[in-house]
Amino acid sequence: MYAYSTSEKLAFRNLCGVFKITCSANNPIISIVLTADQPLAGDFELGFSDAAHTQPTMTLVNNGNASNTIVLSCNEAVNCSGANGGTFYMYLPYGSYTNMTLEEWDNNGNSCTKSLAAATIARNTFYTVP
């Protein structure tokens, strides 16, 4: 999130979109790995495309800290069996991504993989990934 103000009042805005991942598995999930051709994490510089500072821009800083992979690790395995399964949330910088792969790992070392050819992530938006 970011906020810009010339007074004492701050209006915060989201910089990321959110993948809402719903899993159903016989074995408890221990981690979820998301990979894309573009960086999903790292250091970004914030700028604005308008004078009112309401339209943020994010530029990746090429300092070696970027990663095309993010991992959601659970402290304890999460039971995803049953009618509703389990729900996980992964925050992603807004932008366009290609060749995305989502891997769900259970506590026995088994994985399930889902591929997404392309995705465009908007700020302040939820995306459901079954």
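Residues numbered from 1 in each chain as written. Predicted model: local features only at pLDDT ≥ 70, side-chain atom pairs only at ≥ 80, totals over all residues. Heavy atoms only, no water.

### Thoughts on the environment of Phe-126
Here is step 1 of the chain: With respect to the element layout, Phe-126 can be found in strand β11 (residues 126-129).
Here is step 2 of the chain: Those residues within four positions of Phe-126 in sequence are excluded, and the remaining contacts are Val-18, Lys-20 and Tyr-89. (Helix = DSSP H or I, 4+ residues; strand = E, 2+ residues; numbered from the N terminus. Contact = heavy atoms within 4.5 Å.)

### Looking at the sheet that holds strand β4 (residues 29-35)
Here is step 1 of the chain: Here four strands make up an open sheet; going across it, the order is β7-β4-β9-β10 and the pairing antiparallel. Edge positions in the sheet fall to β7 (69-78) and β10 (111-121), since each of these pairs with one other strand and no more. Geometrically, the sheet is characterised by an average inter-axis angle of 15° between neighbouring strands, direction not taken into account.
Here is step 2 of the chain: Alignment of β4 against strand β9 (residues 95-106), held across six bridges, turns out to be antiparallel. (Pairing = 2+ DSSP bridges. Axes fitted to C-alpha atoms, helices over the stretch in contact; angles between N-to-C directions.)

### Focus: the pairing of β4
Here is step 1 of the chain: Here β4 lies mainly inside the structure; five of its seven residues are buried.
Here is step 2 of the chain: Pairing analysis gives six bridges linking β4 to β7, with the strands arranged antiparallel. Bridge pairing in β7 links Ile-32 to Leu-72. (Buried < 20%, exposed > 50% of the residue type's maximum accessible area, 1.4 Å probe, protein only.)

### Here's the deal with the nonpolar core
Here is step 1 of the chain: Core analysis: the largest hydrophobic core is formed by 22 residues, its most contacted members being Phe-19, Ile-21, Ile-32, Leu-34, Phe-88 and Met-90.
Here is step 2 of the chain: Broken down by secondary-structure element, the contributors of at least two residues to this core are β3 (16-23), β4, β7, β8 (86-93), β9 and β10.
Here is step 3 of the chain: Those residues within four positions of Phe-19 in sequence are excluded, and the remaining contacts are Leu-34, Phe-88, Tyr-89, Met-90, Leu-92, Met-100, Leu-116, Ile-121, Tyr-127 and Val-129. (Core = buried A, V, L, I, M, F, W, Y, C linked by side-chain atoms within 4.5 Å.)

### Quick look at the sheet that holds β11
Here is step 1 of the chain: The three strands lie next to each other as β8-β3-β11, forming an open sheet whose pairing is mixed. Every interior strand has two partners, whereas the edge strands, β8 and β11, have only one. On average, each strand axis in the sheet is tilted by 25° relative to the strand beside it, whichever way the strands run.
Here is step 2 of the chain: Relative to β8, β3 runs antiparallel, the two sharing eight bridges. Within β8, the residue paired with Val-18 across the bridge is Tyr-91.

### Notes on the side chain of Ser-31
Here is step 1 of the chain: Within the secondary structure, Ser-31 is located in strand β4.
Here is step 2 of the chain: Classification of Ser-31 by relative accessible area gives buried; the value is 13%.
Here is step 3 of the chain: Not counting residues within four places of it along the chain, the set of residues in contact with Ser-31 comprises Val-71, Leu-72, Ser-73, Glu-103, Glu-104 and Trp-105.

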